[in-house]
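# Overview (structure and organization)
The residues making up each chain are set out below.
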Amino acid sequence: MPPHAPTASLAAPVTASSTRYGSTVPAPPSGLPALLAQARALLAAQGLPAVLAHLRGLKVRRDGQPMALPTLLTTLASMLQQDDPANALTLAEAALAENPDEDEARLLCASVHDRLGDRAASAAAVLQVVQSPRARPDQVMRGANLLVRFGHQAQAMAAAWQAFEALGRPLRWASAVLYIAQRTASWGQADQLTAQLRAAHAAGQTAEANESPRTHLNWCGDESANMAVLQVWSRQLRGTAMPPAAPPMAPLAGRRLRVGYLSSDFRDHPTARLILGVLRHHDHSQLDLHLFCSGWDDGSDLRRAVVACADQVHSVAKLSDSAAAALIRSQGIDVLVELNGPTRAHRLGILAQRPAPVQIGYLGWPGSYGGGLADYIVADEVVAPAEAGPLYPEQLIRLHKTYQANDHAREKPSERPTRAQAGLPAHSGPVLGVFNAINKIDGTVWAAWMRVLRAVPEAVLWLLDPGAAARQNIGNCTREHGVDPR
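The structure displayed is predicted, hence computed values, not measured ones. (Residues numbered from 1 in each chain as written. Predicted model: local features only at pLDDT ≥ 70, side-chain atom pairs only at ≥ 80, totals over all residues. Heavy atoms only, no water.)

### A few points about the side chain of threonine 215
With respect to the element layout, threonine 215 can be found in helix α12 (residues 213-217). At 2.9 Å, the side chain of threonine 215 and the side chain of serine 212 are in polar contact. With residues up to four places along the chain from it excluded, the contact list for threonine 215 reads Ser175, Leu178, Tyr179 and Gln182. (Helix = DSSP H or I, 4+ residues; strand = E, 2+ residues; numbered from the N terminus. Polar contact = N/O pair within 3.5 Å; in protein donor to acceptor, adjacent residues only side chain to side chain. Contact = heavy atoms within 4.5 Å.)

### Focus on the packing of helix α6 (residues 119-131) against helix α7 (residues 137-147)
If you want to describe how two helices pack, look at the angle between their axes and the distance between the axes. Running from N to C, α6 and α7 cross one another at 145 degrees; their axes reach a closest spacing of 9 Å. As for the relative orientation of α6 and α7, their crossing is left-handed in sense. When α6 is examined against α7, the residues Ser122, Val126, Leu127, Val129 and Val130 are found in contact with a partner set consisting of Gln139, Val140, Gly143, Ala144, Leu146 and Leu147. (Axes fitted to C-alpha atoms, helices over the stretch in contact; angles between N-to-C directions. Left-handed = near helix turned anticlockwise from the far one by under 90°.)

### A short note on the pattern of salt bridges
The final tally for this structure, using the stated rule, is 22 salt bridges. With its nearest N and O atoms 2.9 Å apart, the salt bridge here joins arginine 354 to aspartate 375. Of the two residues, arginine 354 is situated in the loop between α17 (348-352) and β10 (358-361) and aspartate 375 in the loop between β10 and β11 (376-379); the sequence distance between them amounts to 21 residues. Here the salt bridges share partners, and the residues they tie into one network are Glu104, Arg136, Asp138 and Arg142. (Salt bridge = Lys/Arg side-chain N within 4 Å of Asp/Glu carboxyl O.)

### Considerations on unusual backbone geometry
Generally, phi is negative for residues other than glycine and the peptide bonds are trans, each holding for most cases. Residue lysine 401 is reached from histidine 400 by a cis peptide bond, and omega for that bond is 5 degrees. Structurally, lysine 401 is set in the loop between β12 (395-398) and β13 (431-434). The backbone phi angle of arginine 169 is positive, close to 50 degrees, even though this residue is not glycine. Along the chain, arginine 169 falls in the loop between α8 (153-166) and α9 (174-183). By relative accessible area, which is 31% here, arginine 169 ends up partly exposed. Its identity as a non-glycine residue notwithstanding, alanine 185 has a phi of 55 degrees, on the positive side. Among the secondary structure elements, alanine 185 is positioned in the loop between α9 and α10 (187-202). (Buried < 20%, exposed > 50% of the residue type's maximum accessible area, 1.4 Å probe, protein only.)

### Section: the pairing of strand β8 (residues 312-315)
Within a regular strand, side chains alternate between the sheet's two faces. Judged from the 4 bridges that link them, strand β7 (residues 287-293) and β8 form a sheet pairing that is parallel. In the sheet register, leucine 291 faces β8, and the bridge partner there is valine 313. In the classification by handedness, the crossover that spans β7, the intervening helix α15 (residues 301-308) and the parallel β8 is right-handed. (Pairing = 2+ DSSP bridges. Right-handed = clockwise from strand over helix to strand, strands pointing away.)

### Points about the state of the cysteines
Throughout the structure, instances matching the rule amount to 0 disulfides. In this structure cysteine 293 is a free cysteine whose sulfur lies 14 Å from that of cysteine 309, the closest cysteine sulfur available. For cysteine 309, a relative accessible area of 12% translates into the label buried. (Disulfide = S-S within 2.5 Å.)

### Side note on the confidence of the model for the protein chain
The pLDDT averaged across the protein chain works out to 90; a share of 94% of its residues lies at or above 70. Every residue in residues 1-29 scores below 50 in pLDDT, and together they form 70 contacts with partners more than four places removed in sequence or on other chains. (pLDDT = per-residue confidence, 0-100.)

### Let's talk about the environment of glutamate 387
Along the chain, glutamate 387 turns up in the loop between β11 and β12. Under the relative-accessibility criterion, glutamate 387 is labelled exposed at 64%. Distance from glutamate 387 to glutamate 223, taken between C-alpha atoms, is 9.7 Å for residues 164 residues apart in sequence.

### Re the packing of helix α3 (residues 69-80) against helix α4 (residues 85-98)
Relative orientation of the contacting elements α3 and α4 amounts to 165 degrees, with a least axis distance of 8 Å. Considering their axes alone, α3 and α4 lie roughly antiparallel with respect to each other. In the crossing of α3 with α4, the sense of the turn from one axis to the other is left-handed. Facing Leu69, Pro70, Leu73, Thr74, Leu76, Ala77 and Leu80 of α3, the residues of α4 in contact are Pro85, Asn87, Ala88, Leu91, Ala92, Ala94, Ala95 and Glu98. For the contact of α3 with α4, the class distribution of residues is 12 nonpolar, 2 polar and 1 charged. (Parallel < 35°, antiparallel > 145°, perpendicular 65-115°, else oblique. Nonpolar A, V, L, I, M, F, W, Y, C, P; charged D, E, K, R; others polar.)

### Considerations on the nonpolar core
Grouped together as the largest cluster of nonpolar side chains are 51 residues, with contacts concentrated most on Tyr261, Leu279, Leu336, Val337, Leu339, Tyr362 and Tyr369. Excluding anything up to four places from it in sequence, leucine 339 contacts Tyr261, Leu262, Ser263, Phe266, Thr271, Ile275, Tyr362, Leu363 and Gly364. Ranked by size, the runner-up nonpolar core spans 40 residues in total, among them Leu147, Val148, Ala156 and Ile180. (Core = buried A, V, L, I, M, F, W, Y, C linked by side-chain atoms within 4.5 Å.)

Here is the structure:
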């Protein structure tokens, strides 16, 4: 680096943080946003080589120390991870090219690959992080949070718990480890973690607990506590900047109502199966239907059926939140229906940009978005009972009797399988079935089912396969309750 290179001095790291998938990513030091804006402009105009040349020509310092180029690239990538995944991946891969030992950059690559549907690339990257002797405990926990979804349950839980213990069981990481414990039916550890979180909420430390709404909802049935977590999460997502004003609703006289659906799941996914009938029944003489896809085309029959219902389909998967919001505004969307809610693959940052006059949350998340994102939530008497209504910052549209659409026209009756075909015991005892994902089941629920099986010993309980480690943990727990795992 030439001695006369310009110097960019950055303030000390701040302590605020943003939440993504239950993990914590440190907020960027002040001074970096301007540098990031320069990098994005160069990426758009001249490509990555120009960005690298520009950054190499700077002496960037933080806390008085020079900032190595791979670390700088990784820091800039992390600032783009939620808002601009395509450019985040470009910068993170550039950091790895400069330094293959940059575990933070590899984690970023894994997260963005997962978001864009490349599970193989994500799994390969995150395995390297979890197995790396250089990785910090917080990096191991964030990596394990992804790894548990790729069939490496036992490794993910062991690595996350060891890292959590090494850090002294900090409150801000309890939710991230709890997610893994829920996915692996590690109910003993889950009980310890929920006790820690419950005590934190009781002590007024909801913000410090840093819970993801989805993980929280799987263990806590207190509506007021649920809403407090959602509101903290929503504020972190929206940041401190004032949102832009919603575009005005154009007069409807002489035109169709323009409705947009935003989702990552317009593919072979439960959300697409549920919403297809709704899309098919829209009256196109009255309505101009747009799909804004934040996921990917999996080539499935279901994807083709969903797309066939729309007047226009737009991909926003590789667009920044602001660019996606600008696209929605440019289409003059009157009503935007968001189908993910605060789940793993959401793009609720787009809603925070207020791209439509009316914004509605529906289907993928049965409940509030925490405020500031949706104007309305579609619910029913169970999802949002009357006594919970005052807690909602959004207005409620209650359907009767259920909020959840199903595409009955697509469901074809199938022949009933024999017990042998289903892998069930041949005897004539009753079959009890539960096909929820294992993270929605806890030790208390399991104990109740064990009481049923002890009372009706000829019955069997049929489960959705939860994965190898979870199966082993469930088997051990079943034996402890005096029930044969078979």
